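Listed here are the chains, written in short residue letters.
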Amino acid sequence: MELNTLTAISAIDGRYRKQVQHLDEYFSEYALIKYRVWVEIDYLFFLSQKGFFSLDPKAAKHLNNLKGNFSPDHAQAVKDIEATTNHDVKAVEYFLKKELDKVEATAAKEWVHFGLTSQDVNNTSIPLLWKGAIENEFLPALINLNSRLKQLAAQWKDISMLARTHGQPASPTNLGKELMVFVERIDRQVDQLMHIPFSAKFGGATGNFNAHHIAFPDVDWIAFANEFVNDVLCLERSQFTTQIEHYDNLASFFDGLKRINNILIDFCRDVWTYISMDYFKQKIKEGEVGSSAMPHKVNPIDFENAEGNLGLANALFEHLAAKLPISRLQRDLTDSTVLRNIGQPMAHTFIALKSIEKGLGKLVLNEERIEADLEQNWAVVAEAIQTVLRREQYPNPYEALKDLTRGAQKINKDVMHQFIDGLDVSQKIKKELKAISPQNYTGIYPDF
């Protein structure tokens with residue numbers, strides 16, 4: 001069958017194609033070829049700038065145009081060459097030599113890929129495309145989602161809510177503050193992620209500039225490579241490498257993304273639970289069906305979809321982070337096939353982000369249910385009462401409240417106030433205790 005969204009094996013390129021198609025600028029075969037071409041062109045320009053050869057202005061213009069307008073047709077031309085070479089990076093080299101032939105720049109042809117091994121190109125191209133995806137796509141999407149959570153937190157900052165620890169009613173909290181827990185966690189992870197360098201390898205066949213040095217022994221190739229990678233490509237060159245980048249910082253990115261996804265899984269499960277408790281209702285879209293058998297249902301499918309995709313992403317990030325930093329001696333090929341899949345967990349993460357955004361847009365706060373839950377759980381103010389009694393040096397206050405709240409009697413406002421009336425304390429203290437309710441016993445927290 002011809003490949004389309006119905007016949008694609010992966011759901012990323014099938015069912016969810018519309019949600020993640022923008023990522024093909026970073027993670028497709030076309031994108032990898034594009035970034036390889038960019039690196040090779042920039043390297044050729046840098047060699048010319050440093051006086052190794054003179055690049056004709058006409059050729060320079062042609063290469064700049066190629067770099068700025070690289071298309072899938074150009075990538076296909078590279079793939080056609082690869083069908084003969086059976087080597088993807090060598091195909092890029094031959095493609096560029098053909099492009100130089102078009103502008104009669106024959107003298108420049110052998111400077112294409114000069115002294116390099118394929119990993120000098122791969123281990124700069126992949127950090128470049130990863131950097132583009134992180135800075136242009138992932139961080140903006142995550143920061144926008146976190147801003148949305150902060151807006152909802154501000155909107156619901158006056159909503160008192162029963163907390164639950166171990167699934168049991170606990171000291172009341174505030175709905176807005178509970179959202180701010182996730183906002184803060186994500187903010188901290190974003191800050192950590194932004195401090196991870198985009199590391200690159202650039203040093204010849206085994207990292208020692210063997211070919212470069214034998215051809216031009218008087219050139220400071222280390223300074224040359226540092227300037228090219230750090231200043232031209234805007235990456236950070238690793239100084240001691242084998243044939244490949246050691247991928248430790250790339251693994252740090254994967255671990256960081258996994259932590260962010262774990263936070264989002266935690267959030268999805270909490271919202272799912274609040275929906276099941278009827279704290280939130282969901283907007284109904286005309287024509288949509290919640291269940292094939294039960295007409296009344298409106299399922300929290302967006303948060304379930306997000307949780308599933310975040311789990312898939314994390315499984316892949318886990319493998320990537322564990323596998324890539326390990327390579328036999330100076331190089332084995334296991335990193336190559338694995339690196340081609342770094343877009344998959346990113347795509348699953350984006351599907352999840354979009355699902356969460358969609359789910360948030362459906363939420364309708366059910367204040368009546370939240371208020372009813374508070375009113376039905378007056379026992380939670382026992383902590384407050386026994387703490388005030390401790391302050392007043394009242395004998396065994398914890399035990400007194402324990403006997404009251406763990407008995408068979410249902411604790412409501414009247415029962416709690418009767419208990420307070422029976423305490424051997426002043427009227428002033430009794431008044432103070434009666435002012436406490438599940439609605440106002442929500443503590444303090446920073447402003448937001």
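Bear in mind that the values here come from a model prediction, so they are computed numbers and not experimental data. (Residues numbered from 1 in each chain as written. Predicted model: local features only at pLDDT ≥ 70, side-chain atom pairs only at ≥ 80, totals over all residues. Heavy atoms only, no water.)

Draft legend 1. Region of interest: the pairing of strand S1 (residues 160–165). Bridge count for S1 against strand S2 (residues 168–174) is five bridges, and the pairing is antiparallel. Looking at the pairing, Ala-163 lines up with Ala-170 of S2. From the end of S1 to the start of S2, which pair antiparallel, there are two residues, and His-166 there has a positive phi angle of about 60 degrees. (Pairing = 2+ DSSP bridges. Helix = DSSP H or I, 4+ residues; strand = E, 2+ residues; numbered from the N terminus.)

Draft legend 2. Highlighting unusual backbone geometry. The backbone of Asn-86 sits at a positive phi, close to 55 degrees, despite the residue not being glycine. Along the chain, the position of Asn-86 falls in the loop between helix H5 (72–85) and helix H6 (88–102). Of note, Asp-278 is a non-glycine position whose phi angle comes to about 70 degrees, a positive value. By the secondary structure assignment, Asp-278 is in the loop between helix H11 (248–276) and strand S5 (280–282).

Draft legend 3. Quick peek at the layout of surface pockets. When its volume is computed, the largest pocket comes out at roughly 830 Å³. What lines the largest pocket is a set of 34 residues, and nearest its centre among them are Phe-27, Ser-28, Glu-29, Arg-340 and Asn-341. Mapped by element, the contributors of at least two residues to the lining of the largest pocket are helix H1 (17–20), helix H2 (24–27), helix H3 (29–49), helix H7 (118–155), helix H13 (334–339) and helix H14 (343–362). With five residues, H7 is the single largest residue contributor to the lining of the largest pocket. For the lining of the largest pocket, the class distribution of residues is 14 nonpolar, twelve polar and eight charged. Elements that contribute at least two residues to the lining of the second largest pocket include exactly S2, helix H16 (382–391) and helix H17 (397–405). Grouping the amino acids of the lining of the second largest pocket by side-chain chemistry returns eight nonpolar, seven polar and four charged. (1 Å grid on protein atoms, 1.4 Å probe; cavity = no way out; pocket = protein on both sides within 12 Å on 5 of 7 lines; lining within 4 Å. Points joined across faces, edges and corners; volume = space filled by probe spheres on them. Nonpolar A, V, L, I, M, F, W, Y, C, P; charged D, E, K, R; others polar.)

Draft legend 4. Up close: helix H19 (residues 427–434). Turning to H19, its buried residues are Ile-429, Lys-430 and Leu-433. Buried residues of H19, viewed axially, fall in a sector of 100 degrees; they line one side. Set apart from the buried face of H19 by more than 90 degrees, the exposed residues are Gln-427, Lys-428 and Lys-431. Summarising the contacts, the buried residues of H19 are in contact with H16 and helix H18 (413–421). (Buried < 20%, exposed > 50% of the residue type's maximum accessible area, 1.4 Å probe, protein only. Arc of directions from axis to C-beta. Contact = heavy atoms within 4.5 Å.)

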